Amino acid sequence: MDLNPDAERLALSEVSVLKQDCSVAWSVPPQSLDVVFTSNFFEHLPTKYALELTLFEAYKALRLGGCLIAIGPNIKHLPGAYWDFFDHYLPLTELSLSEVLRKCGFEVAFCRDRFLPYTMSDGREYPTWMLRLYLKMPFVWPFFGKQFLVVARKNI
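Described in the following lines is the structure provided in the data block. The structure displayed is predicted, hence computed values, not measured ones.

### Examining the layout of surface pockets
Consideration 1: Within this model, the largest pocket holds a volume of roughly 840 Å³.
Consideration 2: Met1, Asp2, Phe37, Thr38 and Ser39 are, among the 26 residues lining the largest pocket, the residues nearest its centre.
Consideration 3: Elements that contribute at least two residues to the lining of the largest pocket include exactly β1 (33-39) and α2 (48-61).
Consideration 4: Residue contributions to the lining of the largest pocket peak at six residues, all from β1.

### Thoughts on the packing of aromatic side chains
Consideration 1: Under the criterion given, the structure shown has six aromatic pairs.
Consideration 2: A ring pair is formed by Tyr82 and Trp83, whose centres lie 5.1 Å apart and whose planes are at 75 degrees; its orientation type is edge-to-face.
Consideration 3: Note on Tyr82: relative accessible area 0%, which makes it buried.
Consideration 4: Ring centres of Phe85 and Tyr118 lie 6.2 Å apart, and the angle between their planes is 80 degrees; this geometry places the pair in the edge-to-face category. With Phe85 in the loop between β2 (62-73) and α3 (94-103) and Tyr118 in the loop between β3 (107-112) and α4 (128-135), the pair connects residues that are 33 residues apart, well separated along the chain.
Consideration 5: Judged by relative accessible area, Phe85 falls into the partly exposed class, the value being 34%.

### Considering the sheet that holds β3
Consideration 1: Ordered in space as β1-β2-β4-β3, the four strands form an open sheet in which the pairing is mixed. Both edges of this open sheet fall to β1 and β3, since each of them pairs with a single strand only. Strand-to-strand, the axes of this sheet are offset by a mean angle of 10 degrees, without reference to chain direction.
Consideration 2: Two elements, β1 and β2, share six bridges in a ladder whose sense is parallel. Paired with Val35 across the two strands is Cys67, which belongs to β2.
Consideration 3: Of the strands in this sheet, β1 and β2 touch α2, which is tilted by about 145 degrees from β2.
Consideration 4: On top of the sheet, α3 reaches β2, β3 and β4 (147-153); it is set at about 20 degrees to β4, its chief contact.

The rules behind each value
- Residues numbered from 1 in each chain as written.
- Predicted model: local features only at pLDDT ≥ 70, side-chain atom pairs only at ≥ 80, totals over all residues.
- Heavy atoms only, no water.
- 1 Å grid on protein atoms, 1.4 Å probe; cavity = no way out; pocket = protein on both sides within 12 Å on 5 of 7 lines; lining within 4 Å.
- Points joined across faces, edges and corners; volume = space filled by probe spheres on them.
- Helix = DSSP H or I, 4+ residues; strand = E, 2+ residues; numbered from the N terminus.
- Phe/Tyr/Trp six-rings, centres within 6.5 Å; stacked < 30°, edge-to-face > 60°.
- Buried < 20%, exposed > 50% of the residue type's maximum accessible area, 1.4 Å probe, protein only.
- Pairing = 2+ DSSP bridges.
- Axes fitted to C-alpha atoms, helices over the stretch in contact; angles between N-to-C directions.
- Contact = heavy atoms within 4.5 Å.

Okay, here's the thing in structure tokens:
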């Protein structure tokens, strides 16, 4: 789901791109998705209400037991740099996101305040082997991680 006019052109051929506002009714059948994944997206929504509506839509679209996986910059660990992007509207932490997820009916299954480095979101492409190595070394995440990872499930 993306409003970027280039999304369809950039997506793989087997990917269906939904061009729509994520905070209005999704054009997917209810309980039809196993996973909703978002990376560096929620902070771009214009209001907390838009985030809440988006999470309600994700909840409706997920099957029972389905999960939402969210990665994003953690304002707790990037107090100044967070605002270096003009289109960042929502200041989020792993705890504030977990709170609104619970409000929307999700059960938070995993919550990590420091996961990926912030530089993973600056557009540079790193060799895959570096990312794989980093992910195998969770003991370094507290030193380099500036983005949260939250996994929530639909259990009701």
